[in-house]
Amino acid sequence: MDSNSITMPMSDPNAWATAMNNLGMPPIGITGQPLMPDFDPGLGMMAGITPMNPMMPGLGMVPAPLSQDIPVVKEIIHCKSCTLFPPNPNLPPPATRERPPGCKTVFVGGLPENATEQLIMEVFGQCGDITAIRKSKKNFCHIRFAEEFTVDKALFLSGYRIRLGSSTDKKDTGRLHVDFAQARDDLYEWECRQRMLAREERHRRKMEEDRLRPPSPPPIVHYSEHECSQLGDKIKDDGKFAEAVRVLLTWLERGEVNRRNANNFYSMIQSSNSHIRRLMSEKSQHEKEMEEAKEKFKTALSGILAQFEQIVSVFQAASKQKAWDHFSKAQRKNLDMWRKQAEEIRNMHNEQLMGIRREEEMEMSDDDMEDVPDSKDSEDSGVSQAEALKEENDSLRCQLDAYRNEVELLKQEQGKNQPMRSEEDSTHSQQLSFLQQALQGMQKQLLKMREELKQREAELEKSLEDKQQLKNQVQNLKEGLQNLQNTHVMQVSVRENPFLFSRAKRGIKAEFQAACFLRIISTFLHVHPFGASIEYICSYLQRLDTKINPSEVEALLSRLPCTFRQELTGVGASLEKRWNFCGFQGIKST
């Protein structure tokens, strides 16, 4: 590009100064020197705006980064000792290498042979602070800036043709090629900065974890007479009972009990036992409040259901021919839609109320069955008596062993001290006779208690058999009652709404399908004694029915906890839930 093709507005400093004056900025050249010494900032066309530095990003020699769609217009740049001519805008942008991390160094090639470091400083010093220039004898150099963003400004000059002064000599001209350079100093600073950021992030995470970590429990004080007396007072206080019991438990586990302080520990344990009555009263009070809340909820639900019945009756009255003929088509459509919605909501609340009443009837029947057979109390008493007899039997055995040891010790002492007085011999013989009599009596008592224990065990087995028979009878009665209720409800619903009959048919069909699936799953799990996952079971069932999904299979298995049991197998990442068939285990236990 020749100098004759350069237009005057692009190269004339006066035009540049006029444009900057119109923006309210002091006219400054590319070297930073004022073009108009007598410039008045108040003469600009945009009054009230403070003067701006043209070297700011986006206002100076290098414009702000633009999007790829908007073309960047490059103009002639005049420096003190050289002139930079822009490249042909039709040419593609100069190629650059991939930017290294933390790059602050650029490679500048295509410099004139007569270029000096002062010239390089003059051209690239406008981009930012330069920390080092390494110039080569082969018309290229490396420039290291103080900041990373200044590298982008330096890359803007890539492709410019440079001319020193007004000379046309080949040694005074060149075409600049600016590209990223990989320097060890830049990489080292970038790695240091990344390590510092990583340290800061680790410190921030540690502080966050310390802040979210639950506080450690307070340390347990060591046992002393003073602390023991204070702990006894705290155990008697209802508000401090939980903390005091924790301290008492720690002392007992540490082994602080000995013969000197055994009475103190006994009194504290006795005080802890006295809180059982308070806790039982609190539990009964909460149960009473829960029953009152249930009754209140049932009353409110009954009132809501009555209002729903009234609304449904209103819609039914409006659906009769006397009033229905006077409504328009749109009004009839809305009334029909509202009636269906009200009936659905009414039925939903009615089912909820019926469920609550059914639960109450089941609870009442359970209570009656508990009151009617007294055999359960007798069984519990028989079990407790059998346990008491076992404990007494063990204690008698221990006493018998102790007496035997004493007899052997006395015999040994008698053999060692043969030349003793006759009085001592008589006393020893009396002691031996007493001990022998006591042993004989304890042996007789032990045999008698063994016989009683056998009788109790036989009675207990008989009572357990009677209990199992009663349970089976009660279960059969409950199933018959439930079937009668279901048939009655179904008959009533069929009379009221035929739609419910079809839905009941679908329910029966679904129950039959569920029963078929249960038989298949039971057979499948029976041949897999170590269990199988829900996905494995579902994949086997999908061969028969492709519409079944794992959630339905899991819900079906959860309905029968006595037949199917879910267990966790594996450790750590290999932890897996497996279902096992346990139907025969209940038969073995009974």
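Calculation criteria
- Residues numbered from 1 in each chain as written.
- Predicted model: local features only at pLDDT ≥ 70, side-chain atom pairs only at ≥ 80, totals over all residues.
- Heavy atoms only, no water.
- Pairing = 2+ DSSP bridges.
- Helix = DSSP H or I, 4+ residues; strand = E, 2+ residues; numbered from the N terminus.
- Axes fitted to C-alpha atoms, helices over the stretch in contact; angles between N-to-C directions.
- Salt bridge = Lys/Arg side-chain N within 4 Å of Asp/Glu carboxyl O.
- Buried < 20%, exposed > 50% of the residue type's maximum accessible area, 1.4 Å probe, protein only.
- Patch = residues over 30% accessible without salt bridge, like charges linked within 9 Å, V, L, I, M, F, W, Y side chains within 5 Å.
- Areas by Shrake-Rupley, 256 points an atom, 1.4 Å probe, with all protein chains shown as cover.
- Lys, Arg positive; Asp, Glu negative; His and termini not counted.
- Charge placed at Lys NZ, Arg CZ, Asp CG, Glu CD.
- Polar contact = N/O pair within 3.5 Å; in protein donor to acceptor, adjacent residues only side chain to side chain.
- Contact = heavy atoms within 4.5 Å.
- UniProt positions renumbered as here; feature names shortened; annotations may be inferred.
- Disulfide = S-S within 2.5 Å.
- pLDDT = per-residue confidence, 0-100.
- Arc of directions from axis to C-beta.
- Parallel < 35°, antiparallel > 145°, perpendicular 65-115°, else oblique.
- Nonpolar A, V, L, I, M, F, W, Y, C, P; charged D, E, K, R; others polar.
- Core = buried A, V, L, I, M, F, W, Y, C linked by side-chain atoms within 4.5 Å.

Asks: Looking at this structure, I do not really get the sheet that holds strand S4 (residues 130-135). What am I missing?
Replies: What holds strands together in a sheet is hydrogen bonding between their backbones, with the strands either parallel or antiparallel. Strand order in the open sheet formed by 4 strands is S4-S5-S3-S8, with antiparallel pairing between adjacent strands. The open sheet has two edge strands, S4 and strand S8 (177-180), and neither has a second partner. Strand-to-strand twist of the sheet, defined as the mean angle between neighbouring strand axes without regard to direction, takes the value 20°. Direction of pairing for strand S3 (residues 105-109) relative to S8: antiparallel, over a ladder of 4 bridges. Its bridge partner lying in S8, Phe-107 is registered against Asp-179.

Asks: I'm lost on the pattern of salt bridges in this one. Help?
Replies: Any two side chains of opposite charge can pair, on the condition that their charged atoms come close. Tallying each qualifying case throughout the model produces 19 salt bridges. Where Glu-201 meets Arg-204, a salt bridge forms, and the shortest distance between an N and an O atom there is 2.4 Å. One end of the pair, Glu-201, and the other, Arg-204, are both in helix H5 (residues 184-212), 3 residues apart, so they sit about a helical turn from each other. Arg-204 gets classed as partly exposed once you look at its relative accessible area, which sits at 47%. Between Arg-339 and Asp-336 there is a salt bridge, with its nearest N and O atoms 2.7 Å apart. Of the two residues, Arg-339 and Asp-336 are both situated in helix H10 (residues 329-371); the distance of 3 residues between them amounts to about one turn of the helix. Residue Arg-339 is classed as partly exposed on the basis of its relative accessible area, which comes to 22%.

Asks: Just to check I follow, could you spell out a negative patch on the surface for this structure?
Replies: Taken together, Glu-287, Glu-291, Glu-359 and Glu-363 make up a surface patch of like negative charges. Elements with a minimum of two residues in the negative patch: helix H8 (262-318) and H10. Take Glu-287: it is sitting in helix H8. By relative accessible area, Glu-287 is classed as partly exposed at 38%.

Asks: Looking at this model, I keep getting lost on a nonpolar patch on the surface. Mind explaining?
Replies: Taken together, Leu-252, Val-257 and Ile-269 make up a surface patch of nonpolar side chains, about 220 Å² in accessible area. With respect to the helices, strands and loops of the structure, Leu-252 is situated in helix H7 (residues 241-254).

Asks: How should the side chain of His-275 be read in this particular structure?
Replies: Looking at the secondary structure, you find His-275 in helix H8. You can call His-275 buried: its relative accessible area is 4%. A polar atom in the side chain of His-275 sits 2.5 Å from the backbone oxygen of Ile-235. When residues no more than four places from it in sequence are discounted, the contact partners of His-275 are Ile-235, Lys-236, Asp-237, Asp-238 and Phe-241.

Asks: Which parts of the structure should I look at to understand the UniProt feature "coiled-coil region" (unreviewed entry) in the protein chain?
Replies: Here the UniProt feature "coiled-coil region" (unreviewed entry) sits at residues 269-296. Secondary structure across residues 269-296 comprises 100% helix and 0% strand; the distance between its end C-alpha atoms is 41 Å.

Asks: Sorry if this is basic, but what is going on with the state of the cysteines here?
Replies: This structure, assessed with the given rule, holds 0 disulfides. The closest cysteine sulfur to the non-disulfide-bonded Cys-127 is located on Cys-79, 10.0 Å from its own sulfur. For Cys-127, a relative accessible area of 3% translates into the label buried.

Asks: Sorry if this is basic, but what is going on with the pairing of strand S6 (residues 161-164) here?
Replies: Working note: regular strand, side chains alternate between the two faces of the sheet. Side chains Ile-162 and Leu-164 project from S6 onto a buried face, and the interleaved Arg-161 and Arg-163 project onto a face without burial. Of the strand pairs in this sheet, strand S2 (residues 82-85) and S6 are connected by 4 bridges, and their pairing is antiparallel. From the neighbouring strand, Leu-84 faces S6, where its bridge partner is Ile-162. The sheet contact formed by S6 and strand S7 (residues 173-175) spans 3 bridges and is antiparallel.

Asks: Could you clarify how one ought to interpret the confidence of the model for the protein chain in this entry?
Replies: Any segment with low pLDDT has predicted coordinates that should not be analysed in fine detail. This prediction gives the protein chain a mean pLDDT of 78; 78% of its residues lie at or above 70. Below pLDDT 50 for its whole length, residues 1-13 participates in 12 contacts with residues either more than four positions away or in separate chains. Contacts from residues 15-20, a stretch scored under 50 in pLDDT, to residues over four places away or in other chains number 11 contacts.

Asks: Is there a simple way to explain unusual backbone geometry in this structure?
Replies: Residues other than glycine predominantly adopt negative phi, and peptide bonds predominantly adopt the trans conformation. Phi at Asn-139 is positive, roughly 60°, even though this residue is not glycine. One can find Asn-139 in the loop between S4 and strand S5 (140-145). On the accessibility criterion, Asn-139 (27% relative accessible area) is partly exposed.

Asks: Sorry, what's going on with helix H15 (residues 550-558) here?
Replies: Residue pairs spaced three or four apart in an α-helix point in one direction, given the helix's 3.6 residues per turn. Along H15, the residues that are buried comprise Val-553, Leu-556 and Leu-557. The arc that holds the buried residues of H15, viewed along the axis, is 95°, so those residues lie on one side.

Asks: Is there a simple way to think about the sheet that holds S7 in this case?
Replies: Strand order in the open sheet formed by 4 strands is S1-S2-S6-S7, and the pairing between neighbours is antiparallel. Because the sheet does not close on itself, it has two edges, and the strands there are strand S1 (77-78) and S7. Here S1 runs beside S2; their pairing, made up of 2 bridges, is antiparallel. In the strand pairing of S2, Ile-77 is matched with Leu-84.

Asks: Sorry, what's going on with the packing of helix H14 (residues 534-541) against H15 here?
Replies: The description of two helices packed together rests on the angle between their axes and the distance between the axes. Axis separation between H14 and H15 bottoms out at 9 Å; the angle between their running directions is 110°. Put simply, H14 runs roughly perpendicular to H15. Here H14 contributes Ile-534, Ile-537, Cys-538 and Leu-541 to the contact with H15, which in turn contributes Pro-550, Val-553, Glu-554 and Leu-557. Taken together, the residues of the contact of H14 with H15 break down into 7 nonpolar, no polar and 1 charged.

Asks: Sorry, what's going on with the side chain of Asn-580 here?
Replies: Following the sequence through the fold, Asn-580 ends up in strand S10 (residues 576-581). Here the side chain of Asn-580 touches Gly-531 through a polar contact of 3.0 Å, landing on its backbone nitrogen. Asn-580 has contacts with Leu-525, Pro-529, Phe-530, Gly-531, Thr-563, Phe-564, Arg-565 and Glu-567, leaving out every residue within four places of it along the chain.

Asks: Quick question: what am I supposed to make of the nonpolar core here?
Replies: With 30 residues, the main nonpolar core has Val-108, Val-123, Phe-124, Ile-143, Phe-145 and Leu-157 as its most contacted residues. Taken together, the elements giving at least two residues each to this core come down to S2, S3, helix H3 (117-124), S4, S5, helix H4 (149-155), S6 and S8. The element best represented in this core is H3, accounting for 4 residues. Listed in part, the 18 residues of the second largest apolar core include Phe-524, Leu-541, Ile-548 and Val-553.

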